[in-house]
Structure formats: C-alpha cells, structure tokens
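Now for the letters of each chain:
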Amino acid sequence: MVHEKFSPLGVRSQFSILNEEQWVYLDSAATSQKPESVLSEVNAYYRSNNANVHRGVYQLSEAATALYEGSRKKIASFLGGCLAEEIIFTRGTTESINLVAYSWCEQNLKEGDEILLTIAEHHSNIVPWQLMAKRFGAKLRYIPLTDQYRLDLDTAKEMFNNKTKIFACAHVSNVLGVIHPLKDLLSLAKEVGALTVVDGAQAVPHFSIDVLDLDCDFYTFSGHKMFAPTGIGVLYGKKSILDRMPPYQGGGDMIATVTTEGSTWNALPCKFEAGTPNISGAIGLAAAIDFMGTFDRKEALEHDVWLGRLFYEGIKNRKGMKVFYDGGNDWVGVVTFHHELIHPHDMAAIADSERVCLRAGHHCAQPLMAYLGVPATSRVSPFIYNTEQDIERALRCMDKAEKLLL
C-alpha cells in the first residue's frame, strides 16, 4: 500500500544507501539522505571545475564562480524571488543565527531590552540569544505551549511589548513537528518594531517558502536537511538591514580595501562571506533544489504526514506511552514519544539491531524536554523515501523492545 497521491518508490531508488544497505532511515529531521543527482554534481565540481571563486581570471576559476553564484540565484528564486545579494552562504542554520545575533546586536541591543523566543526552540535558536542577553544586559522571555502542544497565542500577545527588540522562532518544531502560526507571530512582532528571525531548518525540506510574503527580516535553513551536503546553509536577510550590519568575520573576499591602518567592506553578500566558501556545498544545495523540483511537494508532505499518522496509531495506546501529538493537521509527520518503562536509548539500540534508525535524546531542545516533564524522548521523522513497510518495521522494533524489557 502507498499513499494515494505520492509513491516513494520512484524517488527511493535514487538513494543508494537505502537500497544497497537496506537501512530503514527514520531520522530525517536530523539530516536527510542524499540522492545520486546531488552526489553527482558535487563530484563533477571536484573532477572538472575545482578552483577558488571570485579570485582567479583563468577559465577554471570563472567556471567555479559561475556555478557558485548560479547557486545563489537559484536559492533566491527558491525562496520566493528575493534579491540574490540577500542570500548569504553559511555553514548552516546555527551559524546563520549566530551571524545575526553577533552582528545585529552589536549595534542595536542594550540593557533592559527583551528577546522573545518560544519554549520549543532548538538550542541553536536559544544559546546565541542567551549569550547576547548576558553580554548586553537584555532579558530573555519564552512563549509557552498549550495543552495541545501548540504555541499559546493568547499569552504571546501579552508578551510582545515596546521592550521586545528581537523575536526569534522556528517555523516548524524539530521535536513536535508542529507548523507554528508564523505569520500571526510575525505580525505581532512588527506591531512593536521587533527584529524577526526565523529558523526554517525543519520547514524548508517539507514545503515551499516565500520570504517576501512572510515579510520576515531574516530566514535561515540548512542544506543537509533537504538532500544537500553537510556544512552548507543559507541566511536570507533584508538588504536594508544587512547593509547596516557590521561584518561577522574578517578575512579574504569580505573586504573592499585593506591598509595597515584599517579596512573597508565589500558589498553584499561578500561582506558576510569571509574566506574560501563551501563551493561544493553551494553547488550541492542547488542540485538538491533541482531534485526537489522533480516531485510534487504538497503531495510529498501529505505522504510524510500519512506515514507519521501510521506510526502514531501504532504506538498511542501502548502501556506507559506518552506521545506529544494531538492529531492536528498543522504538522509535518514527526512523532516524538516517551515510554515510561523503556529508556529512549534502549529503544534506539534495539531498533538499530534491526537496522532501523530512530532518534533518541533531548534533540537539542532541553528547555522543551523540561517543559514537557521528560528527560529525553524518542523521535521518528519520515520523509519522501520512506514507505509503509518502513513504519511496520519500526513498530516491530517497538514490539521487540517491549518483549525484551517489560
């Protein structure tokens, strides 16, 4: 049986690790597998076009530069048609958020200001702001959840005020899989003039993003969660804001002039891309976007949600089981659960013995774990290459764990 609109079998064949090694990979919220088309483009760059960008006047360098900057233009189009110079290449979502935190806060944050986050954030969207709050004497506040594991909008409305200088929020929770009401939250932030920073790491792999429609100040994501290599990420930022921000790092390519007395800065986006960039990663990210254009993304998301519900139905009534999902539709299919009688690491180890990959731990979201009242959880995150048979194998691992440990 397959989802009536989307069959994973056509795309699964492009992932050699799943076919040759027979893994059931259900940890795509951590990182996705890579299709042959992406691997091929990265390999082709190193075999045929390997040179540094922006520096050489010889043909090989110009070819590499064209590929690298072509990737930037493709990403700008992918994000709804923003300016190519508003696309900054980084190592990933974590570095993107740190770039904004360190660069913007240096000139704009002061003692008594407030930074508003949500309790459901990944550490990468908490720790940089903690560092800035401590450095400048600002205060951190966190929007809580409702009993349905959704952000409490009523409380959020009361938390935005004239002291709120930054609002940073994930588009989709990496633990709960919930799609947050981002436009409502961004509207509240704009009413008080707060800078808006969106962690899109879990959203971009699942559905289309239009940063112009969202009208956020910054949007970040990582390539490795959307079929691209590790070590490449994107920071979209409004040009008017990026122009006023100082460089995050110093080095080659981010300068206009350097003398023994000082330096002046290059234009966007180079001002924020010091040193030799991850050229092959950018090329791989463009190839990943091309790959995502080969299937209907809405149907693919429906497939992911369908698989998530199959797993949820298979575990929700088990003894000692707590599932952090209420059956809602604003969801990408991620199932996070806590078994009161089986430690998540034991669950994952038993699954691994059957070549099934589940996630176990705090998922880089310790404040959320504390809020939920659990030390750690298990997580299943199906993606386009997973099948109903994968879910059945994962459920059999649950049966095995219960048989061995209960």
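Use the structure listed above.
Residues numbered from 1 in each chain as written. Predicted model: local features only at pLDDT ≥ 70, side-chain atom pairs only at ≥ 80, totals over all residues. Heavy atoms only, no water.

J.: Explanation requested: the overall build of the chain in the structure shown.
T.: Of the regular secondary structure elements, the chain holds 15 helices and 15 strands. Taken over C-alpha atoms, the radius of gyration comes to 22 Å for the chain, in line with the 22 Å a tight globule of 406 residues would show. With respect to the three principal axes, the spread of C-alpha positions in the chain is 70 × 55 × 35 Å. The buried share of the chain, reckoned over its 406 residues, is 57%. The long-range fraction of contacts in the chain, counting pairs at least 24 apart against all pairs at least 6 apart in sequence, stands at 70%. (Helix = DSSP H or I, 4+ residues; strand = E, 2+ residues; numbered from the N terminus. Rg over C-alpha atoms; globule rule 2.2 N^0.38 Å. Buried < 20%, exposed > 50% of the residue type's maximum accessible area, 1.4 Å probe, protein only. Contact = heavy atoms within 4.5 Å.)

J.: Is there a simple way to think about the packing of aromatic side chains in this case?
T.: For any pair of aromatic rings, the description rests on two quantities: the centre-to-centre distance and the angle between the ring planes. Going through the model one piece at a time under the given rule, you end up with 15 aromatic pairs. Judged by centre distance (5.6 Å) and plane angle (85°), the rings of Phe383 and Tyr385 are edge-to-face. An identical accessibility class is assigned to Phe383 and Tyr385; each is buried. Members of the aromatic cluster, connected to one another through ring pairs, are Phe15, Phe227, Phe291, Phe295, Phe383 and Tyr385. Sitting over the face of the ring of Trp23, Arg355 holds its NZ or CZ atom 4.0 Å from the ring centroid. (Phe/Tyr/Trp six-rings, centres within 6.5 Å; stacked < 30°, edge-to-face > 60°. Lys NZ or Arg CZ within 6 Å of the ring centre and 35° of its normal.)

J.: How do you make sense of the sheet that holds strand E12 (residues 335-339) when you look at a structure like this?
T.: Backbone hydrogen bonds hold the strands of a sheet together, and the pairing may be parallel or antiparallel. Strand order in the open sheet formed by 4 strands is E11-E12-E15-E14, and the pairing between neighbours is antiparallel. Pairing within the sheet leaves two strands with one partner each, and these edge strands are strand E11 (321-323) and strand E14 (359-361). In this sheet, neighbouring strand axes are inclined to one another by 25° on average, regardless of whether the strands run parallel or antiparallel. Relative to strand E15 (residues 377-380), E14 is paired through 3 bridges, and the arrangement is antiparallel. Bridge assignment links Ala360 to a residue of E15, and that residue is Ser378. Across the sheet, helix H13 (residues 344-353) lies against E12, E14 and E15, angled at about 155° from E14, the strand it touches most. (Pairing = 2+ DSSP bridges. Axes fitted to C-alpha atoms, helices over the stretch in contact; angles between N-to-C directions.)

J.: Hey, could you run me through the sheet that holds strand E8 (residues 233-237) in this one?
T.: As summarised here, the arrangement of the 7 strands in space is E2-E8-E7-E6-E5-E3-E4, forming an open sheet in which the pairing is mixed. Strand pairing shows two members of the sheet lacking a second neighbour, strand E2 (87-90) and strand E4 (139-143), which therefore form its edges. Within the sheet, the average angular offset between the axes of one strand and its neighbour, ignoring direction, is 20°.

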